[in-house]
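Read off the chains here:
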Amino acid sequence: MDELGMIVAMLDEEPSAHGEQDGRRRLTFATTGSPAPRLRASTRPRFALFGGFGLAGAAAAVTAGAVLLSSGTTPRAPDHDDASSASRLMLAAAHSAERESVQPHGRYWEIQTQVGGRMVEDGKSYNFVQRKGKYDAGPGKDAWGTQKMVSKKYFGPTSDQGSRTAMMNSFTWTKESWTPGEMYEILPGSRYPGDVRKIPGTPAGAKTYLDGVLKKSGFPTEPGQWAFTNAPAVLAAPVGPQVRAAVYRLLATAPGLRLVGKVKDPLGRSGTAFSLRGKGGGMVYDYQLIIDTKAGRVLADRTVLVKTGPAWADKKAGDVINYSAVLSYGWTDKVPAYPPLPNDAPSPKK
Amino acid sequence: MSAPPIVDDAELVAASRDDPERFTSVYDRHFAAIRRYVAARLGPEPADDVAAETFLTAFRRRADYDPVRGEVRAWLFGIATRLVGEHRRVEERRYRTLARVAPGRPEEGPEERVADAVDAQLAQPRLAAALRTLSRKERDALLLAAFTDLTRDDIAVALGIPVGTVGSRLNRARGRLRAALSTTKGK
């Protein structure tokens, strides 16, 4: 064997088990999106590490519809032009979504995301980036979550506690079973969770349906604002083009909706950012939704600081404190054969 | 009405300018090879992502692909090599680990194969150490030569350098590896 042969013997790896399917899905997502402009700068995703007011806090605020939306008392009140161009572009997204062809059905609804933020573990805070996949065959069937940490960097001590979990410590893909049907629910875990498949395909119908689900569970949130702060849960969900279009039309009417403009999402993709302003923990922030309006697709959501508070002393206005970017979604028949997520053991030492 | 099948890579890329979905055929043809090359340099975990990113980058830049300058394969490996370059620490760590890890026992098999495997395993720490001493540019040329079927001309296209430079980098790199191996065999 010559030296090249020995190099090959040393470095060759097994073919990828699931990477090929994953990558193909991501590419298909890109090829069926809107045409990309010619790029000058690097197109590498920037895995910048963003902080968060504890991922759990952010997630809870968003998923529970508890984001406190200001209504005209914000530091910068939305002006009329902003609001109308925001609605116009949102309607353009609706129009594009409507034209998207219906995807061939599979057993599982799959969504791949990348999330970034700050987390707390055993009194220490970390900036992290994680890849996540979810596969859900529907209520009463089976569902799976996959995850892999991309990076995790110690940020500093914190007075918060938070236990170490295997989910935030596995740097290789792992898999675990999930409650089936959650991806089909509007308020997962609620007594009256609703069902995304029942959302009517008209803006008025969608509004009435969402309003009913929210009220029943005790959330008196305006349906358009709720849909905005939970957009991936209804737009990257197992719904058809009509429903997606109806939801975009509903978003166009969300009180307080503002247009941010053309931005790059956390993965470097071009999109249009919209925002709703929120307050909490002494901070003011914009909850931004980044949409590829030409493809009618949600790319990412993120929280941008407008006014810093005690929890974010190290951040300044304009900093992104957490994000979730949608890499792909669609139907699939296969769940990757990743090893199971190890059980959480008690923390090794104090 | 479906579009006629396209056999040539360059035509596929050209057709994908107007019909983006055709680019998935480029992926289907070359993913395994790109991923194998990237996995050799970065290890299996980051390889899936970097290989996927190679095709996403290529897709976004498909308008820049110029068939006159070289084959699609060479262009793709060039993109993959640049992306690998953004993970230098991961690559460094991989070679550092290989230089330390004691290899496992060879499996049973025909004698020459076992002998080859033994050779390779005994040599592993030195080979890995030698890889670390190469410059990034030498490593690019060497690993493209080892893990792909690209010719020297193709490698020149992939790396955007003259063919002569490919030759000299390869010679230097291989010389360094041979030197490391001869020390091993000196026992």
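Residues numbered from 1 in each chain as written. Chains lettered and ligands numbered in written order. Predicted model: local features only at pLDDT ≥ 70, side-chain atom pairs only at ≥ 80, totals over all residues. Heavy atoms only, no water.

A. Region of the structure containing the overall build of chain A. For chain A, the helix and strand inventory stands at eight helices and ten strands. Burial status across chain A gives 53% buried among its 350 residues. Put simply, 67% of the contacts in chain A that link residues at least 6 apart link residues at least 24 apart. For chain A, the accessible surface area stands at approximately 15300 Å², while carbon and sulfur atoms represent 57% of it. (Helix = DSSP H or I, 4+ residues; strand = E, 2+ residues; numbered from the N terminus. Buried < 20%, exposed > 50% of the residue type's maximum accessible area, 1.4 Å probe, protein only. Contact = heavy atoms within 4.5 Å. Areas by Shrake-Rupley, 256 points an atom, 1.4 Å probe, with all protein chains shown as cover.)

B. Quick peek at the overall build of chain B. When helices and strands are tallied, chain B shows nine helices and zero strands. A total of 187 residues make up chain B; the buried ones form 49% of that total. If you take every contact in chain B between residues at least 6 apart in sequence, the share linking residues at least 24 apart comes to 63%. Carbon and sulfur atoms provide 50% of the accessible area of chain B, an area that totals close to 9300 Å².

C. Summary view of the interface of chain B and chain A. Each partner contributes residues to the interface: chain B has 48 residues there, and chain A has 38 residues. The junction of chain B with chain A conceals about 4000 Å² of combined surface from both sides, 60% of it contributed by carbon and sulfur atoms. It is B:Y27, B:E45 and B:R60 that lose the most area in chain B upon contact with chain A, and together they represent 15% of the buried surface on that side. Here chain B is connected to chain A by ten salt bridges. Our enumeration of links across chain B and chain A arrives at 13 residue pairs in polar contact (both at pLDDT 80 or more). At the level of elements, α2 (23-42), α3 (44-60), α5 (88-100), α6 (111-133), α7 (136-147) and α9 (163-185) of chain B are the ones that each hand at least two residues to the side of chain B that touches chain A. Sorting elements by how many residues they give to the side of chain B that touches chain A places α3(B) first, with eleven residues. Residue composition of the side of chain B that touches chain A, grouped by class: 27 nonpolar, four polar and 17 charged. (Buried area = accessible area lost by both parts, 1.4 Å probe. Salt bridge = Lys/Arg side-chain N within 4 Å of Asp/Glu carboxyl O. Polar contact = N/O pair within 3.5 Å; in protein donor to acceptor, adjacent residues only side chain to side chain. Nonpolar A, V, L, I, M, F, W, Y, C, P; charged D, E, K, R; others polar.)

D. Molecular detail of the pattern of salt bridges. Residue and element names in this part refer to chain A. Here the structure, examined in full by the defined rule, presents 37 salt bridges over all chains. Note that D314 and R118 form a salt bridge whose closest N and O atoms lie 2.8 Å from each other. With D314 in the loop between β9 (297-307) and β10 (320-332) and R118 in strand β2 (residues 108-121), the pair connects residues that are 196 residues apart, well separated along the chain. Take D314: its relative accessible area is 41%, and that puts it in the partly exposed class. Residue R118 is classed as buried on the basis of its relative accessible area of 7%.

E. Broad picture of a positive patch on the surface. A contiguous patch of positive charge on the surface is contributed by A:K153, B:R89, B:R93, B:R96 and B:R100. At four residues, the largest contribution of residues to the positive patch is made by α5(B). Topologically, B:R100 is positioned in helix α5. A relative accessible area of 67% means that B:R100 is categorised as exposed. (Patch = residues over 30% accessible without salt bridge, like charges linked within 9 Å, V, L, I, M, F, W, Y side chains within 5 Å. Lys, Arg positive; Asp, Glu negative; His and termini not counted. Charge placed at Lys NZ, Arg CZ, Asp CG, Glu CD.)

F. Broad picture of helix α8 (residues 152-159) of chain B. Listed as buried for α8(B) are B:D154, B:I155, B:A156 and B:A158. At the exit of α8(B) stands B:G160, carrying a positive phi of roughly 65 degrees.

G. Highlighting the nonpolar core. Residues A:I7, A:L11, B:V38, B:W75, B:L142 and B:F147 are the most contacted members of the largest nonpolar core, which totals 62 residues. Tallying contributions element by element places α2(B) first for this core, with ten residues. With 47 residues, the next largest nonpolar core counts A:A97, A:Y184, A:L251 and A:L289 among its residues. (Core = buried A, V, L, I, M, F, W, Y, C linked by side-chain atoms within 4.5 Å.)

H. Geometry of the packing of aromatic side chains. Residues and elements named next belong to chain B. A complete count under the given rule lists twelve aromatic pairs over all chains for this structure. Measuring from centroid to centroid gives 5.5 Å for Y37 and F77, while their planes differ by 80 degrees, and the two rings are edge-to-face. One end of the pair, Y37, is in helix α2; the other, F77, is in helix α4 (residues 72-85), and 40 residues separate them in sequence. Across the pair, exposure class does not vary: Y37 and F77 are buried alike. (Phe/Tyr/Trp six-rings, centres within 6.5 Å; stacked < 30°, edge-to-face > 60°.)

I. Seen up close, unusual backbone geometry. The residue A:D122 is not glycine, and still its phi comes out positive at about 50 degrees. Following the sequence through the fold, A:D122 ends up in the loop between β2 and β3 (124-136).

J. Just the pairing of β10(A), in detail. Residue and element names in this part refer to chain A. In terms of burial, β10 is largely enclosed, as 13 of its 13 residues are buried. Where β2 meets β10, nine bridges bridge the pair, whose relative direction is antiparallel. Across the sheet, the residue bridging to Q112 is S328, located in β10. Bridging between β9 and β10 involves five bridges; their strand directions are antiparallel. Residue pairing across strands places T303 opposite N322, the latter belonging to β10. (Pairing = 2+ DSSP bridges.)

K. α3(B), seen in detail. Helix length check: α3(B) (17 residues) gives 25 Å between terminal C-alpha atoms against 24 Å at 1.5 Å per residue, within 8%. Within α3(B), 14 of the 17 residues are buried, leaving the element largely enclosed by the surrounding structure. (Expected span 1.5 Å × (residues − 1).)

Function cannot be inferred from these measures alone, as they are strictly geometric.
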